[in-house]
Amino acid sequence: MDSFTTLTGVAAPLPMVNVDTDMIIPKQFLKTIKRSGLGTNLFDEMRYDRKGKEIAGFILNQTAYRNAAILVAGENFGCGSSREHAPWALKDFGIRCIIAPSFADIFFNNCFKNGILPIPLPQEQVDVLMKDAQRGENARISVDLGTQTITTSDGEVISFEMDPFRKKCLMDGLDDIDLTMEHSARIADFEAAAKMRRPWA
């Protein structure tokens, strides 16, 4: 998994509440088990019309936000089904950080497992960042996981809370498999001992 330490980039404003995982990546794109290629269909039904043509008014189709690395959204982001394809699509597009007043539980956890930093903040602080993001590509926001701070384009610093274990995993680029493999020597010892005790198994 890619590590996350610091990030400076364009933030796209998406002032919508209850953005569910079917909006993030519609069900017809769930056939793949690959984590790549889904960025093209991120927010598919909002980005494209029925003929596959871009909808000019959607935020990620606007020139200033085509390379957005941060998403500032409304409350309850990622609600709906538990599909892990949602963070896959966001990351494949280039989104590495999502800031919102609240997140759906499963989506929130899936973000950490895929190298995305979700940051819940009080509504008034999200409003500040949303307003900053609406200024376009010249307004770049910086996120520092080490210091747990967000810096606006005007230099205002906003602090956020972070679980120490999740912080370590993101900064070290550790997903569930990586965490397991950190104990590979102990696992090998256990398996060897088990084989001695039960050679028939």
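Just above sits the structure.
Residues numbered from 1 in each chain as written. Predicted model: local features only at pLDDT ≥ 70, side-chain atom pairs only at ≥ 80, totals over all residues. Heavy atoms only, no water.

This part is about the overall build of the protein chain. Broken down by element type, the protein chain carries eight helices and seven strands. Counting the 201 residues in the protein chain, one finds 45% classified as buried. Sequence separation of 24 or more characterises 66% of the internal contacts of the protein chain that already satisfy a separation of 6 or more. Accessible surface, the protein chain: about 10800 Å² in total, of which carbon and sulfur atoms supply 52%. Where the 23 positive side-chain charges of the protein chain centre and where its 27 negative ones centre are 7 Å apart. (Helix = DSSP H or I, 4+ residues; strand = E, 2+ residues; numbered from the N terminus. Buried < 20%, exposed > 50% of the residue type's maximum accessible area, 1.4 Å probe, protein only. Contact = heavy atoms within 4.5 Å. Areas by Shrake-Rupley, 256 points an atom, 1.4 Å probe, with all protein chains shown as cover. Lys, Arg positive; Asp, Glu negative; His and termini not counted. Charge placed at Lys NZ, Arg CZ, Asp CG, Glu CD.)

If you walk through the whole model with that rule in mind, you get five aromatic pairs. Arranged with centres 5.8 Å apart and planes meeting at 55°, the rings of Phe-43 and Phe-58 form a pair that is tilted. One end of the pair, Phe-43, is in the loop between helix H1 (21-24) and helix H2 (44-47); the other, Phe-58, is in the loop between H2 and strand E2 (70-73), with 15 residues separating them in the sequence. We note that Phe-43, like Phe-58, is buried. Look at Phe-103 and Phe-108: their rings are 5.6 Å apart centre to centre, the planes differ by 45°, and that puts the pair in the tilted class. In terms of burial, Phe-103 and Phe-108 fall into one category: buried. (Phe/Tyr/Trp six-rings, centres within 6.5 Å; stacked < 30°, edge-to-face > 60°.)

This model, assessed by the stated rule, comprises six salt bridges. The partner of Asp-22 in a salt bridge is Arg-83, with the nearest N and O atoms 3.0 Å apart. Of this pair, Asp-22 sits in helix H1 while Arg-83 sits in the loop between E2 and helix H3 (85-93), and the two are 61 residues apart along the sequence. According to the relative accessible area criterion, Asp-22 is partly exposed, its value standing at 25%. Here Asp-154 makes a salt bridge to Arg-135, at a shortest N to O gap of 3.0 Å. (Salt bridge = Lys/Arg side-chain N within 4 Å of Asp/Glu carboxyl O.)

Now for the nonpolar core. Most often, soluble globular proteins have nonpolar side chains that are buried together. Among the nonpolar cores identified, the biggest contains 56 residues, and Phe-43, Phe-77, Leu-90, Ile-98, Phe-107, Leu-117 and Ile-150 are the most heavily contacted of them. The set of elements that each furnish at least two residues to this core consists of strand E1 (6-14), E2, H3, strand E3 (97-100), helix H4 (105-112), strand E4 (117-120), helix H5 (123-133) and strand E5 (140-144). The contact partners of Ile-150, leaving out residues within four places of it in the chain, are Ile-99, Ile-119, Leu-121, Leu-129, Ile-141, Ser-142, Val-143, Glu-156, Val-157, Ile-158 and Phe-160. (Core = buried A, V, L, I, M, F, W, Y, C linked by side-chain atoms within 4.5 Å.)

Turning next to the packing of H3 against H4. At a closest axis distance of 9 Å, the pairing of H3 and H4 adopts a crossing angle of 50°. Taken together, H3 and H4 sit at an angle that is classed as oblique. Considering the relative orientation of H3 and H4, their crossing is right-handed. Taken together, the residues of H4 that come into contact with H3 (itself represented by Ala-86, Pro-87 and Leu-90) are Phe-107, Asn-110 and Cys-111. Partitioned by chemical class, the residues of the contact of H3 with H4 number five nonpolar, one polar and no charged. (Axes fitted to C-alpha atoms, helices over the stretch in contact; angles between N-to-C directions. Parallel < 35°, antiparallel > 145°, perpendicular 65-115°, else oblique. Left-handed = near helix turned anticlockwise from the far one by under 90°. Nonpolar A, V, L, I, M, F, W, Y, C, P; charged D, E, K, R; others polar.)

Further remarks concern the sheet that holds E3. Strand order in the open sheet formed by seven strands is E4-E3-E2-E1-E5-E6-E7, and the pairing between neighbours is mixed. Strands with a single pairing partner mark the edges of an open sheet, and in this sheet they are E4 and strand E7 (157-159). The average angle at which neighbouring strand axes cross in this sheet is 25°, direction not considered. Where E2 meets E3, three bridges bridge the pair, whose relative direction is parallel. (Pairing = 2+ DSSP bridges.)

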